[in-house]
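Single-letter residue listing:
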Amino acid sequence: METIKLTLRPRDEENPDAGYRVRLDSRDLGELEAVLPPIPDSLLAALADWKAAYAVQDGVRSHFRISGVKITHHTALDVTQLSETLREEFNEWLNYGNKHWRELREALIPLLRRNGNGNGNGNGNGNGDRPRLMIDLGNDSTLKRLPWQDWKLLRADL
């Protein structure tokens, strides 16, 4: 089973507004590099709104508490809508139109779509050769809080 590695690192540690260097490592493609712009303010706002609404839901255990801020009650529907907004903002950021990023993203699609047919492993499930994607976000806590599982590129129905 192949492991595909996608690595994101700040372009400039001193300047967070410089965006991210992205590297794709794959046995089939070798290494591709691209850049992503900094996380847009609209995505950061959507993340903060969702986080605040989710944190005050009944039954949610949280390691943080917002102090000195007016707490507003949000319904489950509010949280769902904020989640959808977050997902849309996240995917908009990852649909960045830079040529190199677009090429990297497009090269990743067929690698992830392999279904393992004809893998010859004899287990009959056809999943033996399905690649794994590892997304390495380094120490960037904001990147780690983004909903990577909702990246449209990773959806099976793409």
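Residues numbered from 1 in each chain as written. Predicted model: local features only at pLDDT ≥ 70, side-chain atom pairs only at ≥ 80, totals over all residues. Heavy atoms only, no water.

Enquirer: Quick question: what am I supposed to make of the packing of aromatic side chains here?
Expert: Aromatic rings in a pair are described by how distant their centres are and how their planes are angled relative to each other. Throughout the structure, instances matching the rule amount to 6 aromatic pairs. With a centroid separation of 6.0 Å and 80° between ring planes, the pair formed by Trp 148 and Trp 151 is classed as edge-to-face. The pair Trp 148 / Trp 151 is uniform in exposure class, with both members buried. The rings of Tyr 20, Phe 90, Trp 93, Trp 101, Trp 148 and Trp 151 are connected pair by pair, giving a single aromatic cluster. (Phe/Tyr/Trp six-rings, centres within 6.5 Å; stacked < 30°, edge-to-face > 60°. Buried < 20%, exposed > 50% of the residue type's maximum accessible area, 1.4 Å probe, protein only.)

Enquirer: Just checking my understanding: could you explain the pattern of salt bridges for this structure?
Expert: Pairing between side chains of opposite charge can happen when the charged atoms of each approach one another. Per the counting criterion, the structure on display carries 8 salt bridges. With a closest N to O distance of 3.1 Å, Arg 23 and Asp 25 form a salt bridge. A residue is classified by how much of its surface remains accessible, and Asp 25, at 22% relative accessible area, is partly exposed. The exposure class assigned to Arg 23 is partly exposed, which follows from its relative accessible area of 29%. Each of Glu 2, Arg 27 and Asp 28 takes part in a single network of salt bridges with overlapping partners. (Salt bridge = Lys/Arg side-chain N within 4 Å of Asp/Glu carboxyl O.)

Enquirer: Sorry if this is basic, but what is going on with the pairing of strand E2 (residues 20-26) here?
Expert: On a regular strand, each side chain points to the face opposite its neighbour's, so the side chains alternate between the two faces of the sheet. What you see with E2 is a clean split: Tyr 20, Val 22, Leu 24 and Ser 26 sit on the buried side and Arg 21, Arg 23 and Asp 25 on the side with no burial. Bridge analysis of strand E1 (residues 3-10) against E2 gives 6 bridges, and the strand direction is antiparallel. When the sheet's bridge partners are listed, Leu 8 is paired in E2 with Val 22. Sheet topology places E2 next to strand E3 (residues 30-36); 7 bridges connect them, and they run antiparallel. Considered in E3, the bridge of Arg 21 is made with Val 35. Between the antiparallel neighbours E2 and E3 lie 3 residues. (Helix = DSSP H or I, 4+ residues; strand = E, 2+ residues; numbered from the N terminus. Pairing = 2+ DSSP bridges.)

Enquirer: Where do I start with the confidence of the model for the chain in this structure?
Expert: Should pLDDT be low for a region, the predicted coordinates there are not to be read in detail. Across the chain, the average pLDDT comes to 82, with 78% of residues at 70 or higher. Here residues 116-126 scores under 50 on pLDDT; set against residues more than four positions off or in separate chains, the count is 10 contacts. (pLDDT = per-residue confidence, 0-100. Contact = heavy atoms within 4.5 Å.)

Enquirer: Before we go on, may I ask you to explain helix H3 (residues 99-113) in this structure?
Expert: Every α-helical turn comprises 3.6 residues, leaving residues that sit three or four positions apart pointing alike. Compared with the 21 Å implied by 1.5 Å per residue over 15 residues, the 22 Å span of H3 between its first and last C-alpha is a close match. Within the span of H3, buried status applies to Trp 101, Leu 104, Arg 105, Ala 107, Leu 108, Leu 111 and Leu 112. One side of H3 carries all its buried residues, which in axial view fall inside an arc of 165°. The inward-facing, buried residues of H3 abut E1, E2, E3, helix H2 (76-94) and strand E4 (132-136). With a side-chain oxygen lying 2.9 Å from the backbone nitrogen of His 100, the N-terminal cap of H3 falls on Asn 98. (Expected span 1.5 Å × (residues − 1). Arc of directions from axis to C-beta. Polar contact = N/O pair within 3.5 Å; in protein donor to acceptor, adjacent residues only side chain to side chain.)

Enquirer: Got a minute to help me understand the packing of helix H1 (residues 41-55) against H2 in this structure?
Expert: The relative placement of two packed helices is expressed as an angle between their axes plus a distance between the axes. The interhelical angle for the contact between H1 and H2, taken along N-to-C directions, is 155°, at an axis separation of 9 Å. Viewed along their axes, H1 and H2 adopt a mutual orientation that is roughly antiparallel. The way H1 lies across H2 gives a crossing that is left-handed. Taking contact as the criterion, the partners of Ser 42, Leu 43, Ala 46, Leu 47, Asp 49, Trp 50, Ala 53 and Tyr 54 in H1 are, on H2, Val 79, Leu 82, Ser 83, Thr 85, Leu 86, Glu 89, Phe 90 and Trp 93. Here the residues of the contact of H1 with H2 are counted per class, giving 11 nonpolar, 3 polar and 2 charged. (Axes fitted to C-alpha atoms, helices over the stretch in contact; angles between N-to-C directions. Parallel < 35°, antiparallel > 145°, perpendicular 65-115°, else oblique. Left-handed = near helix turned anticlockwise from the far one by under 90°. Nonpolar A, V, L, I, M, F, W, Y, C, P; charged D, E, K, R; others polar.)

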